[in-house]
Amino acid sequence: MEAVLSVKNLSTYFYMEEGVVAAVDDVSFDLAPQEVLGIVGETGSGKSVTVKSVMRLIKSPGKIVNGQIIYKGTNILEIPENEMYKIRGKEISMVFQDPMTSLNPLYTIGDQLMETIIQHQSVSKSEAYKRAVEMLQLVQIPEPEKRMRSYPFEFSGGMRQRAVIAIALSCNPSVLIADEPTTALDVTIQAQILDLMRSLQERLKTAMIFITHDLGVIASMAHKIMVMYGGKQVEFGSAEDIFYRPIHPYTNMLLRSVPRIDRKIDRLQSIPGQPPRMIDIPKVCTFLPRCPKRTEKCQTAIPPMEEIEPGHFVRCFNPVRGDE
């Protein structure tokens, strides 16, 4: 199946006074129609910068310095901003982690929904109103016609996130990007939002990129998973590959630090050390200082992404095998 979105060798750097931050460095992946790609990694690993690059939302001092982002056969890094403006929000939509930064406090929820619909679709105001009410109903907001007149501050956190999801899906995008959409919500509401997004993705047949640092969340959402560390993808494969046959030492350590009901252990394992300082990072493996399998070779070069088995890629000179 041909990919709806294909990212090839994407690199996004930030040029700071202290030096160059390689926030995203040589990242590649394909997203098929109706597929969910999960991106996981610690804070600062490059997850959000990757998807903001896809949306062309990188601002100075940041710059996309290399790569291609192919959407339905077109490299969107080469098209003018006025054409990207038509794609952003209509063809590729994004749900941010804090709904209060996505919603304008001065306008009603209905106005903001209708604005998006009118902006990207050739419909009248009455048709946009009808569509907006349908979307609020779709995301399970009670009394949708009444809530059209509500302002963001009148919504709870969970309802605001539902409204943001409604706006993102109002134009039937081919790709939906969700950047840690449940981070600011309590556990019960998180579960409701995840169930909602899962059911809407299946119902609307939208491809999705889902970003999180919670491996439990990604296990229930994603078909494929990309693990990032220090601005680089270190492992890529199916959800089954990552959870049952992890190869990169970082992926293994990440999984062993998460509680599991099917594994009885007295104590969870932690990952020693700290994430890398990203300014002018050395041209070696970014996980080198924390890796228990490091060798002299790891200190001389950056390992390439290699396909270990069909569809399962890893960036490591000393991949973990079996139950090592």
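Whatever comes next refers back to the structure up there.
Numbering of residues starts from 1 in each chain and follows the order in which that chain's sequence is written. pLDDT decides what is reported in this predicted model: residues at 70 or higher carry local features, side-chain atom pairs at 80 or more are listed and counted, and totals for whole chains, interfaces and linings draw on all residues regardless. Derived side-chain values reflect all non-hydrogen atoms in the structure, with water molecules and hydrogen atoms excluded from consideration.

Novice: Break down the packing of helix α7 (residues 157-169) against helix α8 (residues 187-204) for me, citing the residues and quoting the values.
Specialist: Comment: axis = line fitted to C-alpha atoms, over the contacting stretch for helices; angle = value between 0 and 180 degrees taken between N-to-C directions. Strands are runs of DSSP state E lasting at least two residues, helices are runs of H or I lasting at least four, and both sets are numbered from the N terminus onward. It is the contact of α7 with α8, at a shortest axis distance of 10 Å, that shows an interaxial angle of 15°. In terms of their interaxial angle, α7 and α8 are classed as roughly parallel. As for how α7 packs across α8, the hand of that crossing is right-handed. In this structure, α7 uses G158, Q161, R162, I165 and L169 to contact α8, whose residues at the interface are I189, Q192, I193, L196, M197, L200 and L204. The classification used treats Ala, Val, Leu, Ile, Met, Phe, Trp, Tyr, Cys and Pro as nonpolar, Asp, Glu, Lys and Arg as charged, and all other residues, Gly among them, as polar. For the contact of α7 with α8, a count of residues per class yields eight nonpolar, three polar and one charged. Angular relationships are summarised with four words: roughly parallel below 35 degrees, roughly antiparallel beyond 145, roughly perpendicular across 65 to 115, and oblique for the angles in between. Crossings are assigned a handedness: left-handed for a near helix turned anticlockwise from the far helix by less than a right angle, right-handed for a clockwise turn. Note on contacts: a residue pair qualifies if any of its non-hydrogen atoms lie within 4.5 Å across the two residues.

Novice: How would you summarise the packing of aromatic side chains if you had to cite specific residues and measurements?
Specialist: Two rings from Phe, Tyr or Trp (for Trp, the six-membered ring) form a pair when their centres are within 6.5 Å of each other. A pair whose planes differ by under 30 degrees is stacked, one over 60 is edge-to-face, and the rest are tilted. As enumerated under the stated definition, the model contains four aromatic pairs in all. A ring pair is formed by Y229 and Y250, whose centres lie 4.7 Å apart and whose planes are at 55°; its orientation type is tilted. Of the two residues, Y229 is situated in strand β9 (residues 224-229) and Y250 in helix α11 (residues 249-256); the sequence distance between them amounts to 21 residues. Categorising residues by exposure relies on relative accessible area from a 1.4 Å probe, with only protein chains included: less than 20% of the type maximum marks a residue as buried, more than 50% marks it as exposed, and the intermediate range marks it as partly exposed. What makes Y229 buried here is its relative accessible area of 2%. Seen in terms of ring centroids, Y229 and F287 are 5.1 Å apart; in terms of plane orientation they differ by 85°. Their pairing is edge-to-face. You can see Y229 sitting in strand β9 and its partner F287 sitting in the loop between α11 and β11 (305-309), a full 58 residues away along the chain. For the residue pair Y229 and F287, the accessibility class agrees, reading buried in each case. Taken together through their ring pairs, the aromatic side chains of Y229, Y250 and F287 make up a single cluster.

Novice: Before we move on, could you go through the nonpolar core and cite the residues and values that matter?
Specialist: Burial of nonpolar side chains together is a common tendency in soluble globular proteins. The biggest cluster of nonpolar side chains holds 59 residues, and the ones touching the most others in it are I165, M197, F210, I218, I225, Y250 and F287. The dominant element in this core, judged by the number of residues it contributes, is α7, at eight residues. Apart from the residues lying within four places of it in its own chain, the contact partners of F287 are Y229, H248, P249, Y250, M253 and I271. Among the nonpolar cores identified, the runner-up in size contains 36 residues, and L31, V49, V51 and I211 belong to it. We call a set of buried Ala, Val, Leu, Ile, Met, Phe, Trp, Tyr and Cys residues a nonpolar core when their side-chain atoms join them within 4.5 Å.

Novice: Please provide a residue-by-residue account of the sheet that holds strand β4 (residues 62-71), values included.
Specialist: When DSSP locates at least two bridges between a pair of strands, those strands are taken to pair. Spatially, β2-β1-β4-β5 is the arrangement adopted by the four strands of the open sheet, whose pairing is antiparallel. Of all strands in the sheet, those with a lone pairing partner are β2 (20-31) and β5 (74-75), marking the two edges. For β4 and β5, the ladder comprises two bridges, and the chain directions are antiparallel. Residue Y71 lies in a different strand from β5, and its bridge partner there is T74. Packing of helix α1 (residues 47-54) onto the sheet brings it into contact with β1 (5-15), β2 and β4, and relative to β1 it is tilted by some 115°.

Novice: Just give me the short version of the side chain of H248, but keep the residues and values in it.
Specialist: When you line up the elements, H248 lands in the loop between α10 (239-244) and α11. The buried category is assigned to H248, whose relative accessible area is 1%. The residues contacting H248, other than those within four sequence positions of it, are V234, E235, F287, V314, R315, C316 and V320.

Novice: Tell me what's going on with α8, and back it up with residues and numbers.
Specialist: Over its 18 residues, α8 runs 26 Å from end to end, which matches the ideal 26 Å to within 8%, given 1.5 Å per residue. Where the residues of α8 are buried, they touch β3 (36-40), α5 (125-138), α7, β7 (175-179), β8 (207-211) and α9 (215-221). We call two N or O atoms a polar contact when they sit within 3.5 Å, provided that within protein one can donate a hydrogen and the other can accept it, with sequence-adjacent residues counted only if both atoms are side-chain atoms. By the N-cap criterion, in which a side-chain oxygen at the helix start approaches the backbone nitrogen of a residue two or three places on, α8 is capped by D186, the distance to T188 being 3.1 Å. Here the expected span of a helix is defined as 1.5 Å times the quantity of residues minus one.

Novice: Provide a residue-level description of the packing of helix α4 (residues 109-120) against α7, including the pertinent values.
Specialist: Where α4 meets α7, the closest approach of the two axes is 9 Å, and the angle between their N-to-C directions is 20°. Comparing their axes, α7 and α4 come out roughly parallel. Crossing of α4 over α7 shows right-handed handedness. Between α4 and α7, the residues in contact are I109, Q112, L113 and T116 and A163, A166 and I167, respectively. Looking at the contact of α4 with α7, its residues break down into five nonpolar, two polar and no charged.

Novice: Before we move on, could you go through the environment of I58 and cite the residues and values that matter?
Specialist: Tracing the chain through its elements places I58 in the loop between α1 and β4. Looking at I58, the relative accessible area reads 18%, which means it is buried. Along the primary structure I58 and T12 are separated by 46 residues, whereas in three dimensions their C-alpha atoms are 8.4 Å apart. Apart from residues no more than four positions distant in its own chain, I58 is found in contact with T12, F14, V49, K52, S53, K63 and I64.

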